[in-house]
Amino acid sequence: MNSKDFDFQRIAQGYKKRPFLHKQVIERFQKDITSRTFLNGLDIGCGAGLSSKALKMICHHVTGTDISGEMIAVAKEVCKTEGFDFIVSKAEELPEFAIKFDVVTAAGVVQWVDEDLFLEGLGNVMGEHSYLLIYDFCISDKMKDCPAYTSWWHDTYLKEFPKPFRNESVWTEEDALRHGFHMRDQIQYEMEYEFDQDAFVEFMMIQSNVNAKIEGEGRNVQAVQEWFEQSVSSFFQGEKRTLFFSGYSWYMEKL
């Protein structure tokens, strides 16, 4: 999969309806690292704007960038209030800015970028002792009080929609120091979110596994949706269920 695989209207429209767990990540960042607010924030790989919306909680102004023009168009819909601007840009090829950013976030980005080029570019746009928050969260194989869901996840879902390759290496303090950063901490956590069946199917329809089959291989969208509806109906039975998301955050400070 390459970075252009997300540049589809179907995916961009779906991303704006994703669970707003980004808010919890920013709140955790404030609790773990600093409770201060910032003047200028940069959100790289902003997608449909949910991560930018979360960053705005602690910033006066947020600039969001994404390689996908479709995502940027939706981000402008999601973040209509003052204090935002959005530009199409590759994560490793940021434009020149008239300001230095005090805090930068990158949600679900680093598995798709060249690490050295990415950090080198950030070094040029961040001020001294500014913060870089790299994070991601993904739905796991666990549904509350439902071990059958775990079996379905591994034995049915992942066989029908295999996980595409992505670089999941964990950056180290040595990686950070090479580019003038200090790795303050790296944490893992779990978050909960409640879905009904329709919302769950809608969410699963924009997973990278599924996107690879639809946009990458031409599988019919309606047929995939019907597959999910039939496959998971026994787990919901007209009720809402709690799903678990696994997440991580890397807190880095520019020296």
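A few points on the structure. These numbers come from a predicted model, not from an experiment.

## Comments concerning the overall build of the protein
Okay, so step 1: Helix and strand counts for the protein come out as ten helices and seven strands.
Okay, so step 2: For 255 residues, the compact-globule estimate of 2.2 N^0.38 gives 18 Å, and the C-alpha radius of gyration of the protein, at 19 Å, lies within 12% of that figure.
Okay, so step 3: Counting the 255 residues in the protein, one finds 50% classified as buried.
Okay, so step 4: Considering only intrachain contacts with a sequence separation of at least 6, the fraction spanning at least 24 residues in the protein is 77%.

## Side note on the environment of I11
Okay, so step 1: Relative to the elements of secondary structure, I11 occurs in helix α1 (residues 9–15).
Okay, so step 2: For the pair I11 and M205, spaced 194 residues apart in sequence, the C-alpha to C-alpha distance is 8.5 Å.

## Overview of the pairing of strand β7 (residues 241–254)
Okay, so step 1: Within β7, twelve of the 14 residues are buried, which leaves the element mostly enclosed by the surrounding structure.
Okay, so step 2: With ten bridges joining them, strand β5 (residues 126–143) and β7 adopt antiparallel strand pairing. Paired with Y135 across the bridge in β7 is S249.
Okay, so step 3: Taken together, the 14 bridges between strand β6 (residues 181–195) and β7 define a ladder with antiparallel strand orientation.

## Considerations on the packing of aromatic side chains
Okay, so step 1: All chains considered together, the criterion is met by 30 aromatic pairs.
Okay, so step 2: Between Y149 and W153, the ring centres sit 6.0 Å apart and the planes meet at 45°, which makes this aromatic pair tilted. With Y149 and W153 both in helix α6 (residues 147–160), this residue pair falls four residues apart, about one helical turn. Across the pair, exposure class does not vary: Y149 and W153 are buried alike.
Okay, so step 3: Sitting above the plane of the Y189 ring, R28 keeps its charged end 4.2 Å from the centroid.

## Let's talk about the packing of helix α8 (residues 197–204) against helix α10 (residues 221–236)
Okay, so step 1: It is at 10 Å that the axes of α8 and α10 come closest, and there the two elements cross at 135°. Between α8 and α10, the angle is such that the two are oblique. The interaxial crossing formed by α8 with α10 has right-handed handedness. Contacts between α8 and α10 pair Q197, F200, V201 and M204 from the former with Q225, F228, E229, V232, S233 and F236 from the latter.
Okay, so step 2: Across the contact of α8 with α10, the residue classes break down as six nonpolar, three polar and one charged.

## Points about the nonpolar core
Okay, so step 1: In this structure, F29, I139, Y149, W152, F200 and F228 are the most contacted members of the largest nonpolar core, which totals 51 residues.
Okay, so step 2: Discounting residues that sit within four places of it in the chain, F29 has contacts with T34, F38, I58, V103, Y131, L133 and Y251.
Okay, so step 3: By size, the runner-up hydrophobic cluster in this structure holds 23 residues, among which are V110, L122, L132 and M252.

## Re the pattern of salt bridges
Okay, so step 1: If you walk through the whole model with that rule in mind, you get twelve salt bridges.
Okay, so step 2: Ionic pairing is found between E202 and K17, a salt bridge with its closest N-O pair at 3.2 Å. Taken as a pair, E202 in helix α8 and K17 in the loop between α1 and α2 (22–32) lie far apart in primary sequence, 185 residues in all.
Okay, so step 3: In this structure E202 comes out as partly exposed when scored by relative accessible area, which is 36%.

## Brief notes about α2
Okay, so step 1: Listing the buried residues of α2 in full gives H22, V25, I26 and F29. Summarising the axial view, the buried residues of α2 lie within an arc of 95°, below the 170-degree limit, and thus occupy one face.

## Here's the deal with the sheet that holds strand β2 (residues 59–66)
Okay, so step 1: Spatially, the seven strands line up as an open sheet ordered β3-β2-β1-β4-β5-β7-β6, and their pairing is mixed. Since the sheet does not close on itself, it has two edges, and those belong to β3 (84–88) and β6, each with one partner. Within the sheet, the average angular offset between the axes of one strand and its neighbour, ignoring direction, is 20°.
Okay, so step 2: Sheet topology note: the strand β1 (residues 38–44)/β2 ladder contains six bridges and is parallel. Of the residues in β2, the one forming a bridge with L42 is T63.
Okay, so step 3: Of the strands in this sheet, β1, β4 (101–107), β5, β6 and β7 are in contact with α2, which crosses β5 at around 130°.
Okay, so step 4: Where α8 meets the sheet, its contacts fall on β5, β6 and β7, and the angle it forms with β6 comes to roughly 140°.

Each value, and the rule that gives it
- Note that residues are indexed from 1 along each chain, following the sequence as it is written.
- A pLDDT threshold of at least 70 governs which residues receive local features in this predicted model, and a stricter bar of 80 or more applies before side-chain atom pairs are shown or counted, although totals over entire chains, interfaces and linings include all residues.
- In computing side-chain properties, one takes all heavy atoms of the structure into account and sets aside hydrogens as well as water.
- A run of DSSP states H or I qualifies as a helix once it reaches four residues; a run of E qualifies as a strand once it reaches two. Both are numbered from the N-terminal end.
- For the radius of gyration, the atom set is restricted to C-alpha positions; the globular benchmark scales as 2.2 Å times the number of residues to the power 0.38.
- For every residue, the accessible area obtained with a 1.4 Å probe (protein chains only) is divided by the maximum for its type, and the residue is called buried under 20%, exposed over 50%, and partly exposed between those limits.
- Contact criterion: two residues are considered in contact whenever any of their non-hydrogen atoms come within 4.5 Å of each other.
- Think of it this way: DSSP has to see at least two bridges between two strands before they count as a pair.
- Here is the rule: rings of Phe, Tyr and Trp (six-membered ring for Trp) pair when centre to centre is within 6.5 Å. Planes less than 30 degrees apart are stacked, more than 60 are edge-to-face, and the remainder are tilted.
- Two limits define a charge over a ring: the Lys NZ or Arg CZ must be within 6 Å of the ring centre, and within 35 degrees of the ring normal.
- Lines fitted to C-alpha atoms define the axes, with helix axes restricted to the stretch in contact, and inter-axis angles between N-to-C directions lie between 0 and 180 degrees.
- Geometric relationships in this document are graded by angle, where less than 35 degrees denotes roughly parallel, more than 145 denotes roughly antiparallel, 65 to 115 denotes roughly perpendicular, and other angles denote oblique.
- Each crossing is labelled by how the near helix is turned from the far one, with a counterclockwise turn of less than a right angle marking it left-handed and a clockwise turn marking it right-handed.
- Gly falls in the polar group here, along with every residue not listed as nonpolar (Ala, Val, Leu, Ile, Met, Phe, Trp, Tyr, Cys, Pro) or charged (Asp, Glu, Lys, Arg).
- Remark: nonpolar core denotes a set of buried residues (Ala, Val, Leu, Ile, Met, Phe, Trp, Tyr, Cys) joined through side-chain atoms within 4.5 Å.
- One side-chain nitrogen of Lys or Arg within 4 Å of one carboxyl oxygen of Asp or Glu is enough to make a salt bridge.
- Picture the helix axis, draw a direction to every C-beta atom, and the arc is the one those directions span.

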